Amino acid sequence: MDGAMYREILANNLLPSVRALKMGRGCVFQHDNDPKHTARATKEWLCKKHLKVLEWPSQSPDLNPIENLWRELKVHIAQRQPRNLKDLEKVMMFLWVFIFLPVLSAAQRSEPMFSAVTETMLPPDYDNNPTQLNYGVAVTDVDNDGDLEMFVAGYNGPNLVLKYDKQRKRLVNIAVDNRSSPFYALRDRQGNAIGVTACDIDGDGREEIYVLNTNNAFSGRATYSDKLFKFRNGRFEDLLNDDINEHRDVANRLAGRSVACIDRKGTGRYAIYIANYASGNVAPHALIEMDEAASDLSRGIIALSNVAEQAGVNKFTGGRGVVVGPIVSQYLSDVFCDNEYGPNFLFVNNGDGTFTDVAQQAGVEDPMQHGRGVTLADFNRDGKMDIVYGNWNGPHRLYLQLGNNRKHRFKDIASQKFSMPSPVRTVIAADFDNDSELEVFFNNIAYRGSSSNRLFSYAGYLSFDMVIEPTSKSQRLYLYHIKT
Ligand SMILES: [Ca+2]
Ligand SMILES: [Ca+2]
Ligand SMILES: [Ca+2]
Ligand SMILES: [Ca+2]
């Protein structure tokens, strides 16, 4: 091709394109410093047609990414040496489908999905992001201003309440170390919290906060009670510490691992499900809720009861994970627990707030494995809730629900890669990248060496994983922003 031919191409294609696309006089034309582009005749022609040209640095490499693809194409075609036009077409089609499409989609995926924003949004410091072990988070409107905060369960330090400060564009801890703060009680340094959940237990429209404490006991009896915080008298106070509840001996002084809220009767008043870790016949699973008959809301008296026995969930096991939702029920909530040293529970709501364990019939007992993080989602969008959880250094599970209303059945469809054992803790299912397919995030901990977190896509099948970042023993909170 020479300059004249190039100008002919521009005349036949560029001007009609500018007109067809209604780009007008503001448009800027881009080409590189190839001699036929920079020839005086070409420059004059572009000037005469009033076309602005993007200035291009001399000796600069091609900046248009498509050029890389053209180069690859040339190399591959040269290797295959097509002898005629039909041959060339065949080679091009082959290259496009088997070489370039996979490369392009891989290139899109290799672009990190997350960016770290800890340094700007939650810089480590003593008050807001202290160096400590944190063991869980609940999202709730702690200060009742209509925006959500993050309540972080501090294990060897205070609990934190992280609120987004719009002026400073960062998260700040509003549970400050000051006795006059309405949030002071929430810090509860001595609790060694290992879990937290928030829901409205008395039906007044504001959520209470339940903190599961260990005080260094990991099975059986604990020396320090859990706390159930309600905003009352201008500050958060522990309901379990009220005289009436002390007399009823309702406080959970047992070692547990997970908590969840459940509106077991569909009344809008929630109960707290506590997955305790039994030692022999001490510490069955517990279910704490307001005893309406014994309470007097107008006088601020909230009597609590442990109703686990009457609800049929007071089982002894190594409780680890618990998740609540309409798993097999239409509207009411069921409960799934993945346990350690024992079969899992799938408590189906009998319709009256009592439960029957159907884990064995449903095929989700998994009795030889030790469950950890668990979550619910409808992965295949068939309207039936599916269950995904991690087993400690054992195969991870993705149970798709198959059964009908009369017979509950689940099938583990985890691929080899997905199920690969790891020292897993938390499992999250969400559409992280907004492509309307769910991803599953496995948070692994450093255990006898480092271990990467993993993120799996669910696109009809589970196949590729993506290393986010190896985690070491956590020392402060890290915050990631999902790129959009
Ligand atoms: Ca708030
Ligand atoms: Ca409430
Ligand atoms: Ca499903
Ligand atoms: Ca997605």
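Taking an unreviewed UniProt entry as the reference, the protein is identified by name as Tc1-like transposase DDE domain-containing protein belonging to Coregonus suidteri.

Asp-378 (OD), Asn-380 (OD1), Asp-382 (OD), Lys-384 (O), Asp-386 (OD) and Asp-386 (OD) make up the full set of protein donors to the calcium ion (ligand 3), lying at 2.3 to 2.7 Å. If you look at the calcium ion (ligand 3), its six donor atoms make angles of 51 to 168° with each other, and the shape they trace is irregular. Positions of the donor residues of the calcium ion (ligand 3), expressed as sequence spacing, correspond to D-x1-N-x1-D-x1-K-x1-D.

Enumeration according to the criterion identifies 14 aromatic pairs in this entry. Arranged with centres 6.0 Å apart and planes meeting at 35°, the rings of Tyr-389 and Tyr-399 form a pair that is tilted. Of the two residues, Tyr-389 sits in strand S21 (residues 386–391) while Tyr-399 sits in strand S22 (residues 397–401), which places them 10 residues apart along the sequence. In this pair, the class of Tyr-389 matches that of Tyr-399, namely buried.

With that settled, consider the sheet that holds strand S10 (residues 227–232). Picture the strands of a sheet paired through backbone hydrogen bonds; they go either parallel or antiparallel. Taken together, four strands build an open sheet; the order of strands is S8-S9-S10-S11 and the sheet is antiparallel. Two strands close off the open sheet at either side, each with one partner strand: strand S8 (193–199) and strand S11 (235–238). Each neighbouring strand pair of the sheet contributes to a mean axis angle of 25°, computed without reference to strand direction. Alignment of S10 against S11, held across four bridges, turns out to be antiparallel. Along S11, the bridge assignment pairs Phe-229 with Asp-238.

With that out of the way, let us pick up the nonpolar core. Ile-201, Tyr-210, Leu-228, Leu-240, Ile-272, Ile-274 and Leu-304 are the most contacted members of the largest nonpolar core, which totals 19 residues. Elements with a minimum of two residues in this core: S8, strand S9 (208–213), strand S12 (256–262), strand S13 (271–276) and strand S14 (286–290). Residue contributions to this core peak at three residues, all from S14. Those residues within four positions of Ile-201 in sequence are excluded, and the remaining contacts are Glu-208, Leu-228, Leu-239, Arg-269, Tyr-270, Ile-272, Met-290, Ile-302 and Leu-304.

Reading the values: the criteria
Residues numbered from 1 in each chain as written. Chains lettered and ligands numbered in written order. Predicted model: local features only at pLDDT ≥ 70, side-chain atom pairs only at ≥ 80, totals over all residues. Heavy atoms only, no water. Donors = N, O, S within 2.8 Å, 3.2 Å for Na, K, Ca; no water. Tetrahedral: all angles 85-135°; square planar, octahedral: opposite > 155°, others 65-115°. Phe/Tyr/Trp six-rings, centres within 6.5 Å; stacked < 30°, edge-to-face > 60°. Helix = DSSP H or I, 4+ residues; strand = E, 2+ residues; numbered from the N terminus. Buried < 20%, exposed > 50% of the residue type's maximum accessible area, 1.4 Å probe, protein only. Pairing = 2+ DSSP bridges. Axes fitted to C-alpha atoms, helices over the stretch in contact; angles between N-to-C directions. Core = buried A, V, L, I, M, F, W, Y, C linked by side-chain atoms within 4.5 Å. Contact = heavy atoms within 4.5 Å.

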